[in-house]
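Summary of structural features
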Amino acid sequence: IWYRKTPDPEVTRLKAYHINVWYSHGGWMKRKLFRRMMLKVILPSLVQRRELLNKTAHPIVIILDAHSSRKSKKVIKYCIDHNIILICIPAHSSHLTQPLDRSSNGVFKVSVSMEIEEALKTKEQKQLTPKEFRDILVNTLPACVRKAMRDSVIIGGFKAAGMTGIESRDSFLATLARSISSPTLASG
């Protein structure tokens, strides 16, 4: 999500690489933006991919956190109509239940950070202008996304999160239960 109200013409070039950039005044996810992303890009892409794989009888499973922006009747209806199962994970458990944060997202952030650090090496002020920052992102995002989305990176994230198969289910659920147990109040 790009921090600004209006699209940047240079950033829209990323669509050629199938990278969608969304804009938000505060840089945060909002309900309207979530609904638009899901209904216009994410859900139709998943349904199309399932059809290409001839797996139309198989449900698609999407795991979401409990952020308030996720409450959209239109998204839920689309999912019901297209055999998509939405699973909402408990609040404050994403560190355990988001394997991509342990792999692809981390690799992506490191790759982008390395590109920015490399650009800063040549600058005396050690600070990028907004235009320089945007140009670095536009020029390096496709390669950074490809690096982060390798199968080995994604599978590694699921392994790191303990989500690798039925045999790890019980230990994963026990860890999740401990992490979301009710807090105790301090006395005295």
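Residues numbered from 1 in each chain as written. Predicted model: local features only at pLDDT ≥ 70, side-chain atom pairs only at ≥ 80, totals over all residues. Heavy atoms only, no water.

Quick look at the overall build of the chain
We count it as follows: Numbering goes from the N terminus for both helices and strands, where a helix is a DSSP run of H or I of at least four residues and a strand is a run of E of at least two. Under the scheme applied here, a residue whose accessible area is under 20% of the maximum for its type counts as buried, over 50% as exposed, and between as partly exposed, the area being computed with a 1.4 Å probe on protein chains only. Note on contacts: a residue pair is in contact if any heavy atoms of the two residues lie within 4.5 Å. With residues, only the protein chains shown are counted as cover, and all accessible areas are computed by Shrake-Rupley using a 1.4 Å probe.
Along the backbone of the chain there are seven helices and four strands. When the helices and strands of the chain are listed from N to C terminus, the series reads β-β-α-β-α-β-α-α-α-α-α. Taking all 188 residues of the chain together, 27% fall into the buried category. Sequence-distant contacts in the chain: of pairs separated by 6 or more residues, those separated by 24 or more amount to 59%. Just so you have it, the chain exposes about 13,300 Å², and 58% of that area is on carbon and sulfur atoms.

Some details on a nonpolar patch on the surface
Let me state the cut-off plainly: The patches described consist of residues with a relative accessible area above 30% and no salt bridge, like charges being joined within 9 Å and nonpolar side chains (Val, Leu, Ile, Met, Phe, Trp, Tyr) within 5 Å. What makes a salt bridge here is a side-chain nitrogen of Lys or Arg within 4 Å of a carboxyl oxygen of Asp or Glu, nothing more.
Residues Val61, Ile63, Ile85 and Ile87 make up a contiguous nonpolar surface patch of roughly 320 Å² in combined accessible area. Elements supplying a minimum of two residues to the nonpolar patch: strand S3 (60-64) and strand S4 (84-88). When you line up the elements, Ile63 lands in strand S3. Its relative accessible area of 44% is what places Ile63 among the partly exposed residues.

Details of the packing of helix H4 (residues 104-121) against helix H5 (residues 130-148)
Here is the rule we go by: Angles run from 0 to 180 degrees between N-to-C directions of axes, and those axes are lines fitted to C-alpha atoms, restricted for helices to the stretch in contact. Handedness of a helix crossing follows the sense of rotation of the near helix relative to the far helix, less than a right angle counterclockwise being left-handed and clockwise being right-handed. Just so you know the grouping, Ala, Val, Leu, Ile, Met, Phe, Trp, Tyr, Cys and Pro go in nonpolar, Asp, Glu, Lys and Arg go in charged, and all remaining residues, Gly too, go in polar.
Where H4 contacts H5, the axes come no closer than 9 Å and their chain directions differ by 140 degrees. You can see that H4 and H5 cross each other, and the crossing is right-handed. Two secondary-structure elements touch here, H4 through Ser104, Val107, Phe108, Ser111, Val112, Glu115, Ile116 and Ala119 and H5 through Phe133, Ile136, Leu137, Thr140, Leu141, Cys144, Val145, Lys147 and Ala148. Considering only residue class, the contact of H4 with H5 consists of 12 nonpolar, three polar and two charged.

Considering the nonpolar core
Selection rule: In plain words, nonpolar cores are sets of buried Ala, Val, Leu, Ile, Met, Phe, Trp, Tyr and Cys residues tied together by side-chain atoms within 4.5 Å.
Formed by Phe34, Met38, Leu43, Val47, Ile60, Ile62, Leu64, Val75, Tyr78, Cys79 and Ile84, the largest nonpolar core amounts to 11 residues. Elements with a contribution of two residues or more to this core: helix H1 (31-52), S3 and helix H2 (73-81). The biggest single contributor to this core is H1, with four residues. Beyond its immediate stretch of four places on either side in the chain, Phe34 contacts Met29, Leu64, Ser69, Arg70 and Val75. In terms of nonpolar packing, the next biggest core, distinct from the first, is built from 10 residues, Ile19, Val112, Leu128 and Leu141 among them.

With respect to H5
Going by this rule: For a residue, the bend is simply the angle between two axes, fitted respectively to the seven-residue segment ending there and the seven-residue segment starting there.
The largest bend along H5 reaches roughly 50 degrees and is located at Thr140, with the proline Pro142 sitting one to four residues downstream. Residues Arg134, Ile136, Leu137, Val138, Thr140, Leu141, Pro142, Cys144 and Ala148 constitute the buried set of H5.

What about the packing of H1 against H2?
Rules: Reported orientations rely on four angle classes, namely roughly parallel under 35 degrees, roughly antiparallel over 145, roughly perpendicular from 65 to 115, and oblique for the rest.
Orientation of H1 relative to H2, taken along the N-to-C sense of each, is 10 degrees, at an axis distance of 10 Å. Looking at the two axes, H1 sits roughly parallel to H2. Along this stretch, H1 crosses H2, giving a crossing that reads as right-handed. The segment H1 lies against H2, with Phe34, Arg35, Met38, Leu39, Leu43, Pro44 and Val47 engaging Lys74, Val75, Tyr78 and Cys79. Counted by class, the contact of H1 with H2 contains nine nonpolar, no polar and two charged residues.

Observations concerning unusual backbone geometry
Phi at Asn54 is positive, roughly 55 degrees, even though this residue is not glycine. The residue Asn54 is located in the loop between H1 and S3 in this model. By relative accessible area, Asn54 is classed as exposed at 69%. Its identity is not glycine, yet Asn83 carries a phi of approximately 55 degrees, on the positive side. Tracing the backbone shows Asn83 in the loop between H2 and S4. Residue Asn83 is classed as partly exposed on the basis of its relative accessible area of 34%.

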